[in-house]
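Geometric and topological summary
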Amino acid sequence: MACNPTVQYNEFTGNGSTTAYTFTFPYDNTTDVQVRLGTYPNYTYPSYTTEYAVDSANPTIVNFVTAPSGPIRIFRCTPNTSLPATFQPGSAIRSSDLNNNFNQILYVSQDSSIRSVDAQSVADTAYVQSNTAISTANSAVTTANYLQVLLVTQGSQFDSNM
């Protein structure tokens, strides 16, 4: 079976003048729609209602108070602290309550999947950067060793020229 992850985010590049961005993922509550600006490791997360909000007339548009510039990610972050509906013995079970609970479980699972992909990307970047640092350090050690040998073998010439 192929894995076709549902995308729970949309990415844009802000131009400093556009304030409305359309997103394409489903969500339960407008506060589940969040925004990340910038690039790793300097992400910023604007505040909902004071810096951006989901358009009440068109619930697939995020409106910014001030037009952002640079990388923008609009994503869903579904809370997992409580279920939308709880069931009591002897009470009626409504299909809408079951659907809301299952949607929350689905959304939390999808959101977690995206977070793990993001974390892997950051880990991969860190791995490449660490290998570059190791290579640079090894080059510095080689250069230092060469200079030490040069100084030992030709040290008397340096002393007489000073």
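Okay, so let's go over this structure.

Criteria and cut-off values
Residues numbered from 1 in each chain as written. Predicted model: local features only at pLDDT ≥ 70, side-chain atom pairs only at ≥ 80, totals over all residues. Heavy atoms only, no water. Salt bridge = Lys/Arg side-chain N within 4 Å of Asp/Glu carboxyl O. Helix = DSSP H or I, 4+ residues; strand = E, 2+ residues; numbered from the N terminus. Buried < 20%, exposed > 50% of the residue type's maximum accessible area, 1.4 Å probe, protein only. Pairing = 2+ DSSP bridges. Axes fitted to C-alpha atoms, helices over the stretch in contact; angles between N-to-C directions.

**Let's talk about the pattern of salt bridges**
- Per the stated rule, a full pass over the model turns up two salt bridges.
- The closest approach of N and O atoms between Arg-73 and Glu-11, which form a salt bridge, is 2.9 Å. Of the two residues, Arg-73 sits in strand 6 (residues 69-76) while Glu-11 sits in strand 1 (residues 9-15), which places them 62 residues apart along the sequence.
- Here Arg-73 falls in the buried class, since its relative accessible area comes to 7%.
- We classify Glu-11 as partly exposed; its relative accessible area is 48%.
- Of the charged contacts, one joins Asp-97 and Arg-94 as a salt bridge, the two residues approaching to 2.9 Å between their closest N and O atoms.
- Residue Asp-97 is classed as buried on the basis of its relative accessible area of 16%.

**Examining the sheet that holds strand 5 (residues 61-64)**
- Taking strand neighbours across the sheet as the criterion, the three strands line up as 2-5-4 in an open arrangement whose pairing is antiparallel. The sheet is open, and its two edges are formed by strand 2 (20-22) and strand 4 (52-54), each paired on a single side. Looking at each pair of strands side by side, their axes are set apart by 20° on average, direction ignored.
- With three bridges joining them, strand 2 and strand 5 adopt antiparallel strand pairing. Within strand 5, the position partnered with Thr-22 by the bridge is Ile-61.

Keep in mind these numbers describe shape, not what the thing actually does.
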